[in-house]
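Breakdown of the fold
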Amino acid sequence: MRRLLMSVCAGVLASGAAMAQDETEGWAIVLHGGAGVIERGDMDADTEAAYREALDVAIRMGGELLDDGVAAIDAVEAVIRYLEDDPKFNAGRGAVFTSGGRNELDSSIMRGSDMQAGAVAGVTTVRHPISLARAVMERSPHVMLQSEGAEEFAASLELELVDNSYFFTERRWASMVRKVRELGLPIPPRPEGAPEPEPIREGALDLMEREHAFGTVGVVARDRSGEIVAGTSTGGTTAKRWGRVGDSPIIGAGTYATSECGVSATGTGEYFIRLNVAARICTYIEAGQTPDDALEAVISRDLTAMGGDGGVVILAADGPHWAFNTAGMYRASWTPGGEPVVSIYGDED
Ligand code: ASP
């Protein structure tokens, strides 16, 4: 895997290209599980191993589906559903809390060949927001639905609905309480149906903060027919207020796909929205820039200059790439003929 590692004022930009030119070999998959200030020594060995294991399972699941000839849209949905069910990630179960003490989930998906897309924002009872985003794309005349209307649509399709407390995890709750205290806001009541309180290590909370709410998930896959699909799912940012929506459900900002390029982003959405990060990367590539040059321009230069933090995983004609200006990003890629690559820190492939 080709690597580029350079210091920039706001941190480190790291990017890598897939080990093989896969233009003729068919499928490819790349995914992320969030970016942030994840440094060696921050995590105990068991926690690090658990993240690596989850990323490994996810990338193998996606790669095996694609190898079996499954469509990219199905592979992306299946892998994101798996990550939404894993409480380590800030998507589905394990999502961060709003300052009001509930989980509001955002997700989107886009198919490159016909540039069809679906997105949902602020849903509170849909177990798998990515499946609802897909349903918006395939079964509604719209591209983006939000809050109660999106939930009504989910109910009409008999997608799985859960109580909001299904998404509850103690560490995300504790992290929101800490942030709400810092903001001088009232601490919301513990949600009905949440489990009995458990103690949380302060060190674990510090890490979560630096991980920056951490654990948004995104997958970009190309199937054997050449179809590229990108999808993203998140709980957003800790203690978000006033119905805040980030980049993850915004087509062009957090998720984008064309017939030649697919992107899923993670980071502070306010920057990714204004820079239109996902679409901008594809536009640069389609205008003839190499993926490394496009990532350098959008992540290293523009995002960093704006003060934004985060990263992307992308799939271009020559295979998967990633870039981030944070210390780390949970990430994995796989192309035929190689072994899956699973990485966390900026100094890894
Ligand atoms: N991009 C997400 C948002 O701003 C958060 C993240 O990726 O960590 O909602």
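Predicted model only: the values in this text are computed from it and were never measured. (Residues numbered from 1 in each chain as written. Predicted model: local features only at pLDDT ≥ 70, side-chain atom pairs only at ≥ 80, totals over all residues. Heavy atoms only, no water.)

Brief notes about the state of the cysteines
In this structure the tally under the stated criterion is one disulfide. Through a disulfide, Cys 261 is tied to Cys 282; the S-S separation comes to 2.2 Å. Judged by the sign of its S-S torsion, about -80°, the cystine formed by Cys 261 and Cys 282 is left-handed. Placement of the pair is Cys 261 in the loop between strand 9 (255-257) and strand 10 (262-267) and Cys 282 in helix 8 (residues 277-286), with a sequence separation of 21 residues. Accessibility assignment for this pair places Cys 261 and Cys 282 in one class, buried. (Disulfide = S-S within 2.5 Å. Helix = DSSP H or I, 4+ residues; strand = E, 2+ residues; numbered from the N terminus. Buried < 20%, exposed > 50% of the residue type's maximum accessible area, 1.4 Å probe, protein only.)

Looking at the site of the ligand
Neighbouring residues of the ligand: twelve residues in total, closest Thr 216, Arg 244, Asp 247, Thr 266 and Gly 267. Interatomic distance of 2.7 Å between a side-chain N/O atom of Arg 244 and an oxygen atom of the ligand. Between Thr 266 and the ligand, the recorded distance is 2.6 Å, taken from a side-chain N or O atom to an oxygen atom. Considering the ligand on its own, with 270 Å² of exposed area, one finds that the protein chains cover 100% of that surface. (Near = heavy atom within 4 Å. Polar contact = N/O pair within 3.5 Å; in protein donor to acceptor, adjacent residues only side chain to side chain. Areas by Shrake-Rupley, 256 points an atom, 1.4 Å probe, with all protein chains shown as cover.)

Some points on the confidence of the model for the protein chain
Regions with low pLDDT should not have their predicted coordinates read in detail. Averaged over all residues, the pLDDT of the protein chain is 90; the fraction at 70 or higher stands at 89%. In the model, residues 15-24 has pLDDT below 50 throughout and makes 36 contacts with residues more than four positions away in sequence or in other chains. (pLDDT = per-residue confidence, 0-100. Contact = heavy atoms within 4.5 Å.)

So, the nonpolar core
Most often, soluble globular proteins keep nonpolar side chains buried together rather than apart. Ranked by size, the top nonpolar core spans 36 residues in total, and within it Val 263, Val 277, Ile 281, Ile 299 and Val 312 carry the most contacts. In terms of residue count, the dominant contributor to this core is helix 8 (six residues). With sequence-adjacent residues up to four places away left out, Val 312 is seen in contact with Val 263, Ser 264, Ala 265, Phe 272, Val 277, Ile 281, Leu 295, Ile 299, His 321, Trp 322, Ala 323 and Met 329. Residues Tyr 51, Ile 59, Ile 130 and Tyr 330 belong to the second largest nonpolar core, which totals 34 residues. (Core = buried A, V, L, I, M, F, W, Y, C linked by side-chain atoms within 4.5 Å.)

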